[in-house]
Amino acid sequence: MGDDEKRNRAITARRQHLKSVMLQIAATELEKEESRRETEKQSYLTEHCPPLHIPGSMAEVQELCQQLHAKINVAEEEKYDMEVKVQKSTKELEDMNQKLFDLRGKFKRPPLRRVRMSADAMLKALLGSKHKVCMDLRANLKQVKKEETEKERDLRDVGDWRKNIEEKSGMEGRKKMFESES
């Protein structure tokens, strides 16, 4: 038993050590990933957003504002054009869907109705008229008469249970029960 306990402790210690090493490696990988994302973000910003040069005089500031407004107007025009294209394509899709629905509507199939068919008629339809098979299952059944048992008659003759309870209540009812048993 001592060797098994030592072995289990060693295995547990080894697992704990491996777990801590894996967590350390994962933490360093996360730090590397975070730093890589930060450098990518900085490179993207330097590439697409040049540093802002704020002029010192009022005329230069007004000129910069006019340039920015011109760029904003160009971007708004592109946005408007794209929205119009999207609306146009959406309308075309709706029209095509409506046409497709109209075409399907012309050839709409009626709902199928349930048809009652005997087994003989079904076999005749499947096998054709050359096979003569009679599937009248009811003709082959025996006639059985149901005999009434005494219990069923007693249950039917008992009638309302409330009357029986009232008759059996009190001392006279118990006396009747003892007399009827003997």
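As the structure is a computational prediction, the values presented were derived from the model and not from experiment.

**Describing the overall build of the protein chain**
So, step 1. Within the protein chain one finds 6 helices and 0 strands.
So, step 2. For the protein chain, the sequential pattern of α-helices and β-strands runs α-α-α-α-α-α.
So, step 3. Residues counted as buried form 1% of the 182 residues belonging to the protein chain.
So, step 4. In the form shown here, the protein chain has an accessible surface area of approximately 19300 Å², with 57% of it arising from carbon and sulfur atoms.

**Overview of a nonpolar patch on the surface**
So, step 1. Taken together, the side chains of V115, M117, M122, L126 and L127 present a nonpolar region at the surface, about 520 Å² in accessible area.
So, step 2. Within the secondary structure layout, L126 lies in helix 3 (residues 119–127).
So, step 3. Overall, the relative accessible area of 68% leaves L126 in the exposed class.

**A look at the pattern of salt bridges**
So, step 1. Counting across every chain of the model gives 4 salt bridges.
So, step 2. For the salt bridge of E33 with R36, the shortest nitrogen-to-oxygen distance reads 2.3 Å. Separated by 3 residues within a single helix, E33 and R36 lie in helix 1 (residues 2–48), roughly one turn from each other.
So, step 3. Under the relative-accessibility criterion, R36 is labelled partly exposed at 38%.
So, step 4. Each of E33, R36, R37 and E40 takes part in one network of salt bridges that share partners.

Conventions and cut-offs
- Residues numbered from 1 in each chain as written.
- Predicted model: local features only at pLDDT ≥ 70, side-chain atom pairs only at ≥ 80, totals over all residues.
- Heavy atoms only, no water.
- Helix = DSSP H or I, 4+ residues; strand = E, 2+ residues; numbered from the N terminus.
- Buried < 20%, exposed > 50% of the residue type's maximum accessible area, 1.4 Å probe, protein only.
- Areas by Shrake-Rupley, 256 points an atom, 1.4 Å probe, with all protein chains shown as cover.
- Patch = residues over 30% accessible without salt bridge, like charges linked within 9 Å, V, L, I, M, F, W, Y side chains within 5 Å.
- Salt bridge = Lys/Arg side-chain N within 4 Å of Asp/Glu carboxyl O.

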